[in-house]
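# An overview of the molecular structure
As a plain string of letters, each chain reads:
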Amino acid sequence: DAGVTQSPTHLIKTRGQHVTLRCSPISGHKSVSWYQQVLGQGPQFIFQYYEKEERGRGNFPDRFSARQFPNYSSELNVNALLLGDSALYLCASSSGTAYTGELFFGEGSRLTVL
Amino acid sequence: AQKVTQAQTEISVVEKEDVTLDCVYETRDTTYYLFWYKQPPSGELVFLIRRNSFDEQNEISGRYSWNFQKSTSSFNFTITASQVVDSAVYFCALNPGPGNQFYFGTGTSLTVIP
């Protein structure tokens, strides 16, 4: 079975541009979460979506937005990119919203903002 | 406030040595989950263990063992007879629930020298 898949794996943008990152969860998983991992740091929670509804949001500016589609895949959008947005963006899926389960992570999308 | 501290930034050991990775957490919640994840160079976070706040039993899985002590708010991870394949960054994480907002430590980079 396929794990969590993310695309693109690497991308380079310039300041002020917009980026869209995509995530497909494990088959049967209805919850998708997004995390930002700056080099040398642990992942920071951005969003959680379940059944197409936002269920949690971390301390990120409104430039960050996301959505979940009927097939449970998800997009993370970042507008007006800043140099500080350079990071590895990780998507994770789980079977539900409850925290009793583990998160299954993809390999991430590495964003570089120049 | 929720916080996870991994004071050891980098550790190097010679193959077959034992190594312990420290994790200290802060939370006011009485119900929570603690996790350890491994992050190889590929970037994907690999789940190692989950422990809930009501279960203080230590756990052993092959060469891996975990020591959970609520009295000291610690959840330490020991690798016995380390191998080169254990080289990775290890993250401790806290989930106070509900939802999938995990709080990660800054990680410990483990290098096992052959």
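The structure we're discussing is the one just above.
Residue positions are counted from 1 within each chain, in the order its sequence is given. Whichever chain is written first becomes A and whichever ligand is written first becomes 1, with later ones labelled in order. Local features in a predicted model are, by the rule used here, given only for residues with pLDDT of at least 70; side-chain atom pairs are given and counted only at 80 or more, and totals for whole chains, interfaces and linings are based on all residues. As a rule here, side-chain values cover all heavy atoms of the structure and leave hydrogens and water aside.

### Some words on the packing of aromatic side chains
All names here are of chain B. Basically, it comes down to this: Classification of ring pairs uses Phe, Tyr and Trp, with its six-membered ring standing for Trp, and accepts pairs whose centres are within 6.5 Å; under 30 degrees between planes counts as stacked, over 60 as edge-to-face, and the remaining range as tilted. Burial classes follow relative accessibility: with a 1.4 Å probe on protein chains only, a residue under 20% of its type's maximum area counts as buried, one over 50% as exposed, and anything between as partly exposed. Starting at the N terminus, helices and strands are each numbered in turn, a helix being any DSSP run of H or I of at least four residues and a strand any DSSP run of E of at least two.
Evaluation of the coordinates by the stated rule reveals 24 aromatic pairs over all chains. With 6.2 Å between their ring centres and 25° between their planes, Phe 35 and Tyr 37 make a pair best called stacked. In this pair, the class of Phe 35 matches that of Tyr 37, namely buried. Both rings, one in Phe 35 and one in Phe 47, keep their centres 6.3 Å apart while their planes meet at 65°; by these two values the pair is edge-to-face. Residue Phe 35 is found in strand S5 (residues 33–39), and its partner Phe 47 is found in strand S6 (residues 46–52); the two are separated by 12 residues along the sequence.

### Quick word on the state of the cysteines
Here is the rule we go by: A pair of sulfur atoms, both from cysteines and within 2.5 Å, is called a disulfide here.
By the definition in use, this model includes 2 disulfides over all chains. Covalent S-S linkage joins Cys 23 of chain A and Cys 91 of chain A, the inter-sulfur distance amounting to 1.8 Å. On the sign convention where negative is left-handed, the bridge of Cys 23 of chain A and Cys 91 of chain A, at about -65° about the S-S bond, is left-handed. With Cys 23 of chain A in strand S3 (residues 19–24) and Cys 91 of chain A in strand S9 (residues 87–94), this residue pair connects regions lying 68 residues apart in the sequence. The exposure class assigned to Cys 23 of chain A is buried, which follows from its relative accessible area of 3%. The residue that forms a disulfide with Cys 23 of chain B is Cys 92 of chain B, at a sulfur-sulfur distance of 1.9 Å. The chirality of the disulfide connecting Cys 23 of chain B with Cys 92 of chain B is left-handed, given an S-S dihedral of about -65°. Within this pair, whereas Cys 23 of chain B is found in the loop between strand S3 (19–21) and strand S4 (24–26), its partner Cys 92 of chain B is found in strand S10 (residues 88–95), the two being separated by 69 residues in sequence. With a relative accessible area of 0%, Cys 23 of chain B lands in the buried category.

Spatial relationships are all this shows, so hold off on functional conclusions.
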